Amino acid sequence: MRYTPRLRDHGLAHDPFKAIVAPRPIGWISSLDPEGRLNLAPYSFFNAVSNDPHIVMFSSFGEKDSVKNIEATGEFVCNLTTFDLREEMNATSAAYPRGVSEAEEAGLAMAESAVVKPPRVRDAPTALECRLLKADRLAGLDGQWSGNIVVFGEVVSIYVDDRFIRDDRFDMAAARTIARCGYFDYAVVDGVFEIIRPKDPKMTG
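Predicted model only: the values in this text are computed from it and were never measured.

Of all hydrophobic cores here, the largest spans 14 residues; its most connected members are Ile29, Val56, Phe58, Phe76, Cys78 and Val151. Elements that contribute at least two residues to this core include exactly strand S3 (38-43), strand S5 (54-61), helix H2 (65-73), strand S6 (75-79) and strand S10 (145-160). Ranked by the residues each element gives to this core, the list is headed by S10, at three residues. When residues no more than four places from it in sequence are discounted, the contact partners of Phe58 are Ile29, Tyr43, Phe45, Phe46, Ser66, Val67, Ile70, Phe76, Ile149, Val150 and Val151. Counting 13 residues, the second largest nonpolar core, distinct from the first, contains Trp28, Leu40, Leu85 and Ile178.

Bringing the sheet that holds strand S2 (residues 27-32) into the picture now. Consider a sheet: its strands pair through backbone hydrogen bonds, and that pairing is either parallel or antiparallel. With respect to topology, seven strands assemble into an open sheet ordered S3-S2-S6-S9-S10-S5-S4, the strand pairing being antiparallel. The sheet terminates laterally at S3 and strand S4 (46-51), the two strands that pair on one side only. Averaged over all adjacent pairs, the angle separating strand axes in this sheet is 35°, with direction ignored. One ladder, built from seven bridges, connects S5 with S10; its direction is antiparallel. What sits directly across from Ser59, in S10, is Val150. Where H2 meets the sheet, it contacts S2, S3, S5, S6, strand S9 (126-139) and S10, and its direction lies at approximately 50° from that of S2.

Moving on: H2. Asp65, Ser66, Val67, Asn69 and Ile70 are the residues of H2 that are buried. Looking at the buried positions of H2, the neighbouring elements they touch are S2, S3, S5, S6, S9 and S10. Looking at the residues trailing H2, positive phi occurs at Gly74, about 80°.

Let us now look at the sheet that holds strand S1 (residues 24-25). Pairing is antiparallel across the open sheet formed by three strands, whose spatial order is S1-S13-S14. Among the strands making up the open sheet, the edge pair consists of S1 and strand S14 (186-188). Here three bridges tie strand S13 (residues 178-180) to S14, and the two strands are oriented antiparallel to one another. Bridged to Ala179 within S14 is Ala187.

So, how was this worked out
- Residues numbered from 1 in each chain as written.
- Predicted model: local features only at pLDDT ≥ 70, side-chain atom pairs only at ≥ 80, totals over all residues.
- Heavy atoms only, no water.
- Core = buried A, V, L, I, M, F, W, Y, C linked by side-chain atoms within 4.5 Å.
- Buried < 20%, exposed > 50% of the residue type's maximum accessible area, 1.4 Å probe, protein only.
- Helix = DSSP H or I, 4+ residues; strand = E, 2+ residues; numbered from the N terminus.
- Contact = heavy atoms within 4.5 Å.
- Pairing = 2+ DSSP bridges.
- Axes fitted to C-alpha atoms, helices over the stretch in contact; angles between N-to-C directions.

What follows is the structure, encoded as structure tokens:
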């Protein structure tokens, strides 16, 4: 089959796009509003985009509380979402009124961050403390705002639970990281395999 995204002429009950670009890590974003009230929300359009410096991004459809808070305060935390925390993560996706703590509603304990004001999810195996670089409101080819806002942040401190450091590496299979796979489907990392990159041909004998 072939279809044109803007025409939505795929003839299916659901657009396959999100399931094709998958699995996607989930950015579980904690932020504070200017009054110090906590917001915690998961975003499945999330990823790392640079290793030097460490930069991450997430995309929000619409100016949700996370975006408003981050643009106002300049700080946020990306908490790792795991299988053990899947129900709590899902609970924080509910559309609560502004100022209501999703973490409290989901029964989640928070812990103080090292260098930014928003707290991290206490039981998340890792957390990336970030400061805002920029927030882009994306336009499509027609020049119209798509409704999507991409937030870029530089990671200024990283928390890792020592239990998940194995052989000098973070063991994501032990942490059981989860990812979004489109529709209402998720995947869990419970095993990994290694592939060594080929040598540069110019460096061989």
